[in-house]
Amino acid sequence: MLSLSESLLNVEESRTMALSALIKKLKAEGKDVLSFSAGEPDFDTPEFIKKAAVKAIHANFTRYTANEGYPALLKAIVDKFAKDNDLNFEQKNILVSNGAKQSIYNVLMSVCNPGDEVIFQSPYWVSYPEMVKLAGANSVVIETTAEANFKITPEQLEKAITPKTKVFLFNTPSNPTGAVYSKDEILALAEVLKGKDIFIISDEIYEKIVFDNEKHFAIGSIEELREKTITVNGVSKAYAMTGWRIGYAAGNEKVIKLARNLQSHSTSNACSISQAAAVAALTQHSEEIEKMVVAFQKRRDFIVEELNRIEGIHCPKPTGAFYVFFDVSKFYGKTTDHIKITDSSSFCDYMLKEELVGLVPGIAFGNDDCVRMSYACSYEEIIDGINRITRGLKKLG
Ligand SMILES: Cc1ncc(COP(=O)(O)O)c(C=O)c1O
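Since this is a predicted model, take the numbers as computed values, not measurements. (Residues numbered from 1 in each chain as written. Predicted model: local features only at pLDDT ≥ 70, side-chain atom pairs only at ≥ 80, totals over all residues. Heavy atoms only, no water.)

A. Here's a closer look at the site of the ligand. Every residue near the ligand is listed here: Gly99, Ala100, Lys101, Trp125, Asn171, Asn175, Asp203, Ile205, Tyr206, Ser236, Lys237 and Arg245. Between Ala100 and the ligand, the recorded distance is 2.7 Å, taken from a backbone N or O atom to an oxygen atom. Burial of the ligand by the protein chains amounts to 93% of its free accessible area of 400 Å². Of the residues assigned to the shell around the ligand, the class counts are 4 nonpolar, 4 polar and 4 charged. (Near = heavy atom within 4 Å. Polar contact = N/O pair within 3.5 Å; in protein donor to acceptor, adjacent residues only side chain to side chain. Areas by Shrake-Rupley, 256 points an atom, 1.4 Å probe, with all protein chains shown as cover. Nonpolar A, V, L, I, M, F, W, Y, C, P; charged D, E, K, R; others polar.)

Structure follows, in structure tokens:
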């Protein structure tokens, strides 16, 4: 019998991507589906970025670039880190990849050995546990609660560390909760990590999308952690460029060297035209980005208020990203003629089938009491969606 890769048979399909595909299919069939599953801004890529890409095409910047990214982009990334994050890198510390997703994967593959442990919190971004498996390592998940604003404490981190701990995978602002760690909270976590042989992979892809005067702080800028932190970022979320696929990792030269080697034998360089567009995004100041963040903040205020009006729902107010993550477990055990709601998946199935509302089950992020709702959509859609959710909940006995 032909057999398949044991390690890949163990890896689950990305649930968020599968759900997006299902929603697209329903829409193509003519169904009036409202999707709140998007992991991407609904804004268009700003004009000045698109122009840079068109210019690159006309200049025939269409060939392979250096595997790690072309020099102008490496320089733009070095400058960005110095300006925004107090992180001082040289070009040899940087690797540009096909999205931050590939950056994280490359780095995990570069530092993990079989049996190593990777610590991260729940709720977590869907891909973390699967990437850890792909790297042959084991996930150690720290649970958090809405009461704790979905953040871990230094005590929890300390407890999770074992002699096998290789990586602390950290994400602020967070997908799916929108939680943002303050500088003081990060300094407290750093106290636990100082002096330990543990790499930190810091996923800062939502850095620019923070509200209420919250400030993003990069854990890698803490002196004692500089050598062991790999900071990951990209242009997908901040510049509405998800389809362009540009992300980057920066840090310890030895780790980046291995990650570069891995990429050189898998995908080679990220798309040359997208790289040229990313240079424009990172080097030209644009008010469009600030406007987008202001729009997200207003929508956040609106959606949190509206959701909290629904009996049985309590929605915490996030301070970053473009998601709300709220508990729906009060509705578990309820039924209609044909469906019994028992968990976050059956809750979302019900909302999709009954009300044509696409929400992402919290179980995809390691929390089965909650669902994630993205507000990267219009007010009309939010209002319509909340009406549908309210109606759907009323039908439950
Ligand atoms: C927390 C987090 N990290 C990384 C990524 C990857 O982003 P990209 O590969 O588009 O750069 C995402 C995308 O949804 C994310 O939510």
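B. Quick look at the pairing of strand S12 (residues 370–374). Of all 5 residues in S12, 5 are buried, a share of seventy percent or more. The side-chain alternation of S12 yields two buried faces, one formed by Cys370, Arg372 and Ser374 and the other by Val371 and Met373. Bridging between strand S9 (residues 323–327) and S12 involves 5 bridges; their strand directions are antiparallel. By the bridge assignment for S12, Phe326 is matched with Val371. (Buried < 20%, exposed > 50% of the residue type's maximum accessible area, 1.4 Å probe, protein only. Helix = DSSP H or I, 4+ residues; strand = E, 2+ residues; numbered from the N terminus. Pairing = 2+ DSSP bridges.)

C. Just the packing of aromatic side chains, in detail. Taken as a whole and judged by the stated rule, the model has 18 aromatic pairs. Across from the ring centre of Tyr181, 5.8 Å away, lies the NZ or CZ of Lys151, which sits over that ring. (Phe/Tyr/Trp six-rings, centres within 6.5 Å; stacked < 30°, edge-to-face > 60°. Lys NZ or Arg CZ within 6 Å of the ring centre and 35° of its normal.)

D. The arrangement of the packing of helix H4 (residues 71–85) against helix H10 (residues 272–283) in detail. Viewed as axis vectors pointing N to C, H4 and H10 meet at an angle of 30 degrees, and their least axial separation amounts to 9 Å. By the angle between their directions, the pair H4 and H10 is classed as roughly parallel. In this structure, H4 crosses over H10, and the sense of that crossing is left-handed. Counted together, Ala72, Leu73, Ala76, Ile77 and Lys80 of H4 and Gln275, Ala278, Val279, Leu282 and Thr283 of H10 form the full contact between these two elements. (Axes fitted to C-alpha atoms, helices over the stretch in contact; angles between N-to-C directions. Parallel < 35°, antiparallel > 145°, perpendicular 65-115°, else oblique. Left-handed = near helix turned anticlockwise from the far one by under 90°. Contact = heavy atoms within 4.5 Å.)

E. Geometry of helix H3 (residues 47–58). End to end, H3 covers 17 Å across 12 residues, agreeing with the expected 16 Å (1.5 Å per residue, within 8%). Burial in H3 covers these residues: Phe48, Ile49, Ala52, Ala53 and Ala56. In an axial view of H3, the angular spread of the buried residues amounts to 145 degrees, which keeps them on one side of the axis. Along H3, exposed side chains directed more than 90 degrees from the buried face belong to Lys51, Lys55 and His58. (Expected span 1.5 Å × (residues − 1). Arc of directions from axis to C-beta.)

F. The arrangement of the pattern of salt bridges in detail. Inspection of every chain in the model, using the stated rule, returns 30 salt bridges. Here Lys75 and Asp79 are joined by a salt bridge, their closest N and O atoms 2.8 Å apart. Within this pair, Lys75 and its partner Asp79 are both found in helix H4, separated by 4 residues, close to a single helical turn. Given the relative accessible area of 37%, Asp79 is considered partly exposed. Across the salt bridge formed by Glu185 and Lys151, the nearest N and O atoms sit 2.9 Å from each other. Of this pair, Glu185 sits in helix H8 (residues 183–193) while Lys151 sits in the loop between strand S4 (138–143) and helix H7 (154–160), and the two are 34 residues apart along the sequence. Classification of Lys151 as buried rests on a relative accessible area of 15%. Each of Lys80, Lys83, Asp84, Glu207 and Lys208 takes part in one network of salt bridges that share partners. (Salt bridge = Lys/Arg side-chain N within 4 Å of Asp/Glu carboxyl O.)

G. Highlighting the side chain of Thr229. Tracing the chain through its elements places Thr229 in strand S7 (residues 229–234). Residue Thr229 is classed as buried on the basis of its relative accessible area, which comes to 2%. The residues touching Thr229, leaving out its near neighbours within four places in the chain, are Ile200, Ser202, Ile219, Gly220, Ala250, Gly251 and Asn252.

H. Focus on the sheet that holds strand S11 (residues 360–361). Strand order in the open sheet formed by 3 strands is S9-S12-S11, and the pairing between neighbours is antiparallel. The sheet is open, and its two borders are formed by S9 and S11, each paired with just one other strand.

I. A look at the nonpolar core. If you look at the biggest cluster of nonpolar residues, it comprises 79 residues, and the most contacted ones within it are Leu307, Phe347, Leu359 and Met373. A total of 6 residues in this core trace back to one element, the largest contributor, which is helix H11 (residues 287–309). Excluding residues that lie within four positions of it along the chain, Leu359 makes contacts with Leu19, Phe36, Phe347, Cys348, Met351, Val371, Arg372, Met373 and Ile389. Counting 33 residues, the second largest nonpolar core, distinct from the first, contains Phe89, Tyr248, Ala278 and Leu282. (Core = buried A, V, L, I, M, F, W, Y, C linked by side-chain atoms within 4.5 Å.)

J. The sheet that holds strand S2 (residues 94–97), seen in detail. With mixed pairing, 7 strands are arranged side by side in an open sheet as S2-S8-S7-S6-S5-S3-S4. Looking along the sheet, the strands with just one partner apiece sit at the ends: S2 and S4. Ignoring which end each strand starts from, the neighbouring axes of this sheet average 20 degrees apart. Sheet topology note: the strand S5 (residues 165–171)/strand S6 (residues 199–203) ladder contains 5 bridges and is parallel. Opposite Phe170, over in S6, you have Ser202 as the bridge partner.

K. Structural context of the packing of H11 against helix H13 (residues 379–394). Between H11 and H13, whose axes approach to 11 Å, the crossing angle comes to 10 degrees. On the basis of the axis angle, H11 is roughly parallel to H13. Taking contact as the criterion, the partners of Lys298, Arg299, Phe302, Ile303, Glu306 and Leu307 in H11 are, on H13, Tyr379, Ile382, Ile383 and Ile386. Its residues assigned to classes, the contact of H11 with H13 shows 7 nonpolar, no polar and 3 charged.

L. The side chain of Asn175, seen in detail. In this fold, Asn175 is placed in the loop between S5 and H8. Residue Asn175 is classed as buried on the basis of its relative accessible area, which comes to 5%. A polar contact of 2.8 Å, which involves the side chain of Asn175, links it to the side chain of Arg372. Leaving out residues up to four positions away in the same chain, Asn175 has contacts with Tyr124, Trp125, Tyr206, Tyr323, Phe365 and Arg372.

Note that every value here comes from positions in space, so none of it alone points to a role or purpose.
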